[in-house]
Structures are given as C-alpha cells and as structure tokens.
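# Residue-level structural notes
Here are the chains, one letter per residue:
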Number of protein chains: 2
Amino acid sequence: MKTGEDKFVRRIAKALDFKSQKQLALGVGDDAALLVHRPGYETILTCDWFLEGSHFLPGKHPPDSIGWKCLARALSDIAAMGGRPRCFLLSLALPDETTFKEKRWATHWLEEFLGGMRRAARQFGCVLAGGDTTQRREILINVTVVGEVLAGRAVQRSGAKAGDRIFVSGTLGEAELGLQKLRRGTRISPKKDRALRKHLYPEPRLALGQWLADRKLASSMMDLSDGLSSDLPRLCEGSRVGARIEAAEIPSPKGPLTASKQQFDGLALALNGGDDYELLFTVNENDVRRIPRSFQETPLTEIGKITRERRIVMAHQDGTTKPLLPRGWDPFRK
Amino acid sequence: MKTGEDKFVRRIAKALDFKSQKQLALGVGDDAALLVHRPGYETILTCDWFLEGSHFLPGKHPPDSIGWKCLARALSDIAAMGGRPRCFLLSLALPDETTFKEKRWATHWLEEFLGGMRRAARQFGCVLAGGDTTQRREILINVTVVGEVLAGRAVQRSGAKAGDRIFVSGTLGEAELGLQKLRRGTRISPKKDRALRKHLYPEPRLALGQWLADRKLASSMMDLSDGLSSDLPRLCEGSRVGARIEAAEIPSPKGPLTASKQQFDGLALALNGGDDYELLFTVNENDVRRIPRSFQETPLTEIGKITRERRIVMAHQDGTTKPLLPRGWDPFRK
C-alpha cells in the first residue's frame, strides 16, 4: 500500500542511520523535523545546491564522493561561522530506475551516494533530520545544514579592521588541480593523489573554526569556496575595508602541477581555484602570536594585511603591486 | 568588482525586504544565517522542491504564483505541526538572461516571482534568512522553512488512537480542478475562479494548526499535499492504526466540475487531487464537541473514525465498504 516515494524515503532514512538520533524529537516520516536547542546557543542555517553537470560530472565523479562532498561543503559554511553541526535536510531528485540503468555510471548510484554521505555525517557529527524527494531526469541535490554556536560568538564577514592580518588554512588550489586531473580522465586513485582527494573528499575546517571562535581570535572569517580572488573581496566588502596580500606567501600546491599533459601555474590555481573549503580569517595584530603555525596538521599561513583603503591588491616579489581581480568560480559569468 | 552571483543575491535580498529583519542576527551576504531562538520553544525544519516541469509549468503558471506557492507549501508543513513560521532559505537556480529572453513567458519573471514570494512572506510572517543561487537551463527552486513550536506541543503523525474522529479543513480537490483548468488553458482570472485561486495561491492553515496544537485538541495531524487517498495511509502508518471514512462526508468541490469540456467527479477530485494544503487531523471523541464547524471561515468536517484494524476503508452511501487505494500524486509512480 506504500507509494514509491514512501519506499524511497525509507531507503534513504535506513542508509543514513535515521533511528540512531537522540537530539531530534522526530524527523523523517513526519511533516517536518523538530530540533531541541541548547540554552545559550544560536542556530546557524545554510543551504547549498549540488547539481549534475554544474557541480559534479556524473560519469567522472564517483557517487561516494558526491554524497560526501554535498554535505561537506555545506558544513564548511558552519565552520566559517565557528559553529558546530547539528543536523541536515537532504533534498534529492533522481531519475527513475529505468533511466538509471541506461547510464553505465549509474549502477548502485544511490547506495554509493548514501554511503559517502553517511561517512561524512558520522565523521563531522551531523545527523539526517528530514528532506524532500522527487523524480527528475537529472540528479539534483540541495543540502540544508543546521548548526549551533555560543550566543554572540559567531564569526562574521563584517569584523575585519585595518591593520588586521589575513590568514588562510591549508594549501589553496589543490582542489582545482584535482578537478583538472579528473576532467582529463587521469587514472589515479584519490588515495594516492592529494589533489584529487582534496577535490573529491574535502574536509570542512570545523575544529579550526570552533577553536578560533571560542577564543575570539578571528575578527572576521569565511570559507574559500569560489577561490581567494573572488572570496577575499567578499570579506572586504562585508567589513568595508581593503586588503594587500603577498603573492609569495600564498600557500600554493607543490610538486608537478600537471593534469594529463597540461601544465598549471601554482599561484593561479591558488588564487582562482574553487572548492578549497579552507578558512580565510583575519586576526588583530596583537593576537597574531597566539595563532600557531599549524592546527591539527593543517598549516595556517599569514598572507597579508587588511587596509583602510578599499582596494584589493597583490604585491609581487619583484616589488610591483597589482589589483587582484575576481577570477574564481562564478555560475553567472558570461 | 562584484561577481554576477553577488549582484543576483543582492537583487533577491532587496526584493524580499532583507534589511527589515530583527529576529535574525545576520543572513544574506554572510556564510550562513544566525537564528536566535526563544526559550521554551523547539525548532521546526522542513524543505520542499519546486521544479520547472514537475511542480509548475513555466508557460502556464504565472511567476507571481510560483513565488507565492513555493513558500506557502513549505509553510503548510509548519502548519501541520502546529508551529509558527520564523524564517526561510531560498535556493534558486535560473537560466541566464539571454535564455530567459528567448522564452516569451519569461519577461520580468524574476521580479514577479520575488513579488509573489514577498506577499506570501509578509502575509504568513516568514522572513528571508539566506539561500543559495546558481545558473541552470531550467528553473529549480528549493525552499527550507524554519518554524517554532512550544516545547512538547508539536502535533505529530503518530498520535492517532482507535476511536479518534478524523477531520479535514476546507474543501478537498479544488486545487486539482484548478490545475486541470490551467492545463486546458481556460481563460479565467484566479480572482473569479475559486478552484484556480486555490491551485495558484494556496493558504497554509497556520492559524488553525496553532489553535489545535495550543489547545492539545489534535491527537495527530498532517497536511494534505498529495491527496487524501495517499496521505491518510501515511497518518495511519505513523500511528499504527487504520481508518474508516464516509464517502458522503468528504467535502468535495461544488458547482460545475468542468475544465474546458471535460467533466470531473467531485469525490475522485477530493480523494486523489494534490496540492490542497488543507489539514488532516484526528480528535479524541471526548474532545469532538470542542471542534467548531468552521475556523476563520474555513469549514472543519468530520469524515470518519480511526480503527484498531490497520486497514483503510471507505463506506459508500449504498452501504458497501471498499479499501481506499492511494491514487494521489506520487512522483515515483510508474
């Protein structure tokens, strides 16, 4: 007597350990999820598209990676506020089974997708609370993540002041290099290739974000999803300031920067590559000594300074200074 | 220096009164929204797809109606829990301007869409808190609504007991009749046609849901989105009970049930028509006298009884009883 949609919802709920949850009053199977919140905390809300052809290539991206990444990148917005994840809603539109079977890449797609999502959910402590399902020719995903942060401690984009130092976590541009390798069909396992792994299985910097927020060390913060050259202007706009960054300080990918036979420029990858999910944050100059060189094995690098003058420039080693143009990912670019 | 996406986000934020909000600590423009919650309340979370071709027909549905309806139907899930709306996240994927201009129906699409959404947001007291935007050949919408309910007062699907009476609000099947009129291109203004109005501009039964929840009058509740024949089994499944409904009691559309030249059966519309967004709820028999015949001009009709035996049957006026088969909307139906 159950409809197709009911069966589909049960399959998702089972794969994602729906019953094992204590912090939710109820969820999958009712009209909406109920979340009991902790006194003294504020709720963080964020959502992200993850669409076939736009955000992943169905024949290239393993479904396990798609499941992991669509949750991980939404969690990166929680990290960027200094928050802790609580639960997520999964909106999923999938082709019918017949259409799926016609596509060679689609065998066991849903199982593998849910497997990757389950691993990410467990690793980052974020449980499924609900969602919506429908049928569609193409795979469409939208993930809403709910997090929490101590009241008043959320780190925003608006707090950077002139003189603050600018930091980034990790290495920038690796994920873009990984994407280029994937596009060119380089047959490497993500286990053996750092760039590919970074592109397919990004790790939101939740612990770092919380550490900075709890100690009030970051005056402003955001995550790098579209590339430093597009995201730094957004932070500066939010804080009504400018920035000067040092080309030589930007942590770019090392080693042979090739995908198939094409050679890439490390600095261009680091400035304009998307999908890094590293944190960009500013620190008052008096607090800089409290920032370690690395946090849980992720390097923290000072790349420049916030300026009163509302321009964003990059200083090169030859002494020249040029405006930094936003050349990162923009779905609306002509 | 702003990217295309930044401009698009600002346009949405402006149209939806983003700055006028007090209950949100921050939102559009930062990585995530921050929600300050009231002590003694739980948070309700729900999300809904609204996709071109699946949930609306771009040449047939006015963009104003699409903006209204995608928010109203997500709010209906908040009504079904007895909750109050707080804020929403809008995920929107749109074609580029060139593609839009090629489509005759698309002039001023975004303005009209945001206009309809703004009217619904104001009418139902739900403010924009954030979202995600991207570019896509087809229009894709996903709405997440956050609501609140007094702790312990949320009405779930699991509370119906044998002997409880089954009620529905409003008239069932009108929205389906409206859709049939729209599909057949009947040139009627929704102002003059009740069925068309119900299909294009549904009104979530928020006040009724809250009234029932605050007084603990409903033992279980859900909203009717796919049709009574599909939704009643879901409520019974959630409560591990069965139901017996009376065909003669089901509030079906009155008047000439025609769209173009086709004649429709009122009972079939009421049982299987989707998009009603009325409330289906159960009431302990001792509380039935406290349920008025109508609530704010919306009729409340007793249509049957919950049974211990886990079957769902409909009794006809000729004395026969037949199983009720789920024939409502199911995106996964073969």
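All of these numbers come straight from a predicted model, not from anything done at the bench.

### Looking at the pattern of salt bridges
The tally for this structure, following the rule as stated, stands at 42 salt bridges over all chains. Note that A:Glu111 and A:Arg11 form a salt bridge whose closest N and O atoms lie 2.6 Å from each other. Here A:Glu111, found in helix 4 (residues 109–124), pairs with A:Arg11, found in helix 1 (residues 4–15); they are 100 residues apart in sequence, far enough to count as distant. Accessibility expressed as a relative area gives 43% for A:Glu111, which makes it partly exposed. Here B:Arg136 and A:Glu138 are joined by a salt bridge, their closest N and O atoms 3.1 Å apart. Of the two residues, B:Arg136 sits in the loop between strand 5 (127–135) and strand 6 (140–150) while A:Glu138 sits in the loop between strand 5 (127–135) and strand 6 (140–150), which places them in two different chains. In this pair, the class of B:Arg136 matches that of A:Glu138, namely buried. Put simply, A:Glu174, A:Arg194, A:Lys198, A:Arg205 and A:Glu278 are held in one network by salt bridges that share partners.

### Side note on the pairing of strand 3 (residues 41–51) of chain B
Residues and elements named next belong to chain B. For strand 3, the buried fraction is high: eleven of the eleven residues fall into the buried class. Burial along strand 3 is two-sided: Tyr41, Thr43, Leu45, Cys47, Trp49 and Leu51 facing one way and Glu42, Ile44, Thr46, Asp48 and Phe50 facing the other are all buried. Of the pairings in the sheet, the one linking strand 3 to strand 6 comprises eleven bridges and is antiparallel in character. Across the sheet, the residue bridging to Phe50 is Ile141, located in strand 6.

### Things to note about the side chain of B:His199
All names here are of chain B. With respect to the helices, strands and loops of the structure, His199 is situated in helix 6 (residues 194–200). Side-chain polar atoms of His199 contact the side chain of His61, separated by 2.8 Å. Residues in contact with His199, not counting those within four places in the same chain, are His61, Lys69, Ala175, Gly178, Leu179, Leu182 and Asp275.

### Concerning the relation of the copies chain A and chain B
Each copy superposes on the other: chain A lies on chain B with an RMSD of 0.0 Å after a rotation of 180° and an axial shift of 0.0 Å. The two molecules are tied by a two-fold rotation axis, judged by turn and shift. A share of 100% of interface residues in chain A that are also interface residues in chain B marks the association as one of identical surfaces.

### Section: the packing of helix 2 (residues 63–80) of chain B against helix 4 (residues 109–124) of chain B
Residue and element names in this part refer to chain B. Running from N to C, helix 2 and helix 4 point in directions that differ by 35°, and their axes come no closer than 6 Å. In the crossing of helix 2 with helix 4, the sense of the turn from one axis to the other is right-handed. On helix 4, the residues that touch Pro63, Asp64, Ile66, Gly67, Trp68, Cys70, Leu71 and Leu75 of helix 2 are Trp109, Glu112, Phe113, Gly115, Gly116, Met117, Arg119, Ala120, Ala121, Gln123 and Phe124. The residue inventory of the contact of helix 2 with helix 4, partitioned by class, reads twelve nonpolar, four polar and three charged.

### Some details on the packing of aromatic side chains
In the structure shown here, the tally under the stated rule is 13 aromatic pairs over all chains. Plain terms: the ring middles of B:Trp109 and B:Phe113 are 4.9 Å apart, the flat faces sit at 10° to each other, and that makes the pair stacked. Taken together, the residues span about one helical turn, with B:Trp109 and B:Phe113 both in helix 4 at a distance of four residues. The exposure classification of B:Trp109 matches that of B:Phe113, with both residues buried. A network of ring pairs unites the aromatic residues A:Trp68, A:Phe124 and A:Tyr201 as a single cluster. Geometry around A:Tyr41 places A:Arg38 over its ring, the cationic atom sitting 4.2 Å from the centre.

### Topic: the side chain of B:Ser229
Residue and element names in this part refer to chain B. Here Ser229 lies in helix 8 (residues 228–239). At a separation of 2.7 Å, a polar atom in the side chain of Ser229 contacts the side chain of Asn272. Dropping the residues within four chain positions of it, Ser229 is found in contact with Leu271, Asn272, Leu324, Leu325, Pro326, Arg327 and Gly328.

### A look at helix 7 (residues 206–214) of chain B
All names here are of chain B. Most of helix 7 sits inside the fold, with seven of its nine residues counted as buried. Taken together, the buried positions of helix 7 are Leu206, Leu208, Gly209, Gln210, Trp211, Leu212 and Ala213. Lys216 sits one or two residues past helix 7 and shows a positive phi near 55°.

### Considerations on unusual backbone geometry
Even without a glycine there, the phi angle at A:Lys216 is positive, about 55°. Tracing the chain through its elements places A:Lys216 in the loop between helix 7 (206–214) and strand 8 (220–224). Located in the positive-phi region is B:Arg240, a residue other than glycine, with phi close to 55°. Within the secondary structure layout, B:Arg240 lies in the loop between helix 8 and strand 9 (242–246).

### Some words on the pairing of strand 9 of chain B
Working note: regular strand, side chains alternate between the two faces of the sheet. Residues and elements named next belong to chain B. Sheet topology note: the strand 9/strand 14 (residues 298–307) ladder contains four bridges and is antiparallel. Bridge assignment links Arg244 to a residue of strand 14, and that residue is Lys305. Here strand 9 runs beside strand 15 (residues 312–315); their pairing, made up of four bridges, is parallel. Residue pairing in the sheet places Ala243 in a bridge with Ile312 of strand 15.

### Examining the interface of chain A and chain B
Between chain A and chain B, the residue contacts involve 70 residues of the former and 71 residues of the latter. Here chain A and chain B share an interface that buries about 6200 Å² over both sides, 55% of which is from carbon and sulfur atoms. Summed over the shared surface of chain A and chain B, the result is six salt bridges. Notably, a salt bridge pairs B:Glu138 with A:Arg137, separated by 3.0 Å at the nearest N-O pair. At the surface where chain A touches chain B, the tally comes to 17 residue pairs in polar contact (both at pLDDT 80 or more). In terms of residue count, strand 3 (residues 41–51) of chain A provides more of the side of chain A that touches chain B than any other element does, ten residues in total. Residue composition of the side of chain A that touches chain B, by class: 32 nonpolar, 17 polar and 21 charged. Where strand 3 of chain A and strand 2 (residues 33–35) of chain B come together, three bridges link them in antiparallel fashion. When the sheet's bridge partners are listed, A:Ile44 is paired in strand 2 of chain B with B:Leu34.

Procedures and definitions
Residues numbered from 1 in each chain as written. Chains lettered and ligands numbered in written order. Predicted model: local features only at pLDDT ≥ 70, side-chain atom pairs only at ≥ 80, totals over all residues. Heavy atoms only, no water. Salt bridge = Lys/Arg side-chain N within 4 Å of Asp/Glu carboxyl O. Helix = DSSP H or I, 4+ residues; strand = E, 2+ residues; numbered from the N terminus. Buried < 20%, exposed > 50% of the residue type's maximum accessible area, 1.4 Å probe, protein only. Pairing = 2+ DSSP bridges. Polar contact = N/O pair within 3.5 Å; in protein donor to acceptor, adjacent residues only side chain to side chain. Contact = heavy atoms within 4.5 Å. Least-squares fit on C-alpha atoms with pLDDT ≥ 70 in both. Axes fitted to C-alpha atoms, helices over the stretch in contact; angles between N-to-C directions. Left-handed = near helix turned anticlockwise from the far one by under 90°. Nonpolar A, V, L, I, M, F, W, Y, C, P; charged D, E, K, R; others polar. Phe/Tyr/Trp six-rings, centres within 6.5 Å; stacked < 30°, edge-to-face > 60°. Lys NZ or Arg CZ within 6 Å of the ring centre and 35° of its normal. Buried area = accessible area lost by both parts, 1.4 Å probe.

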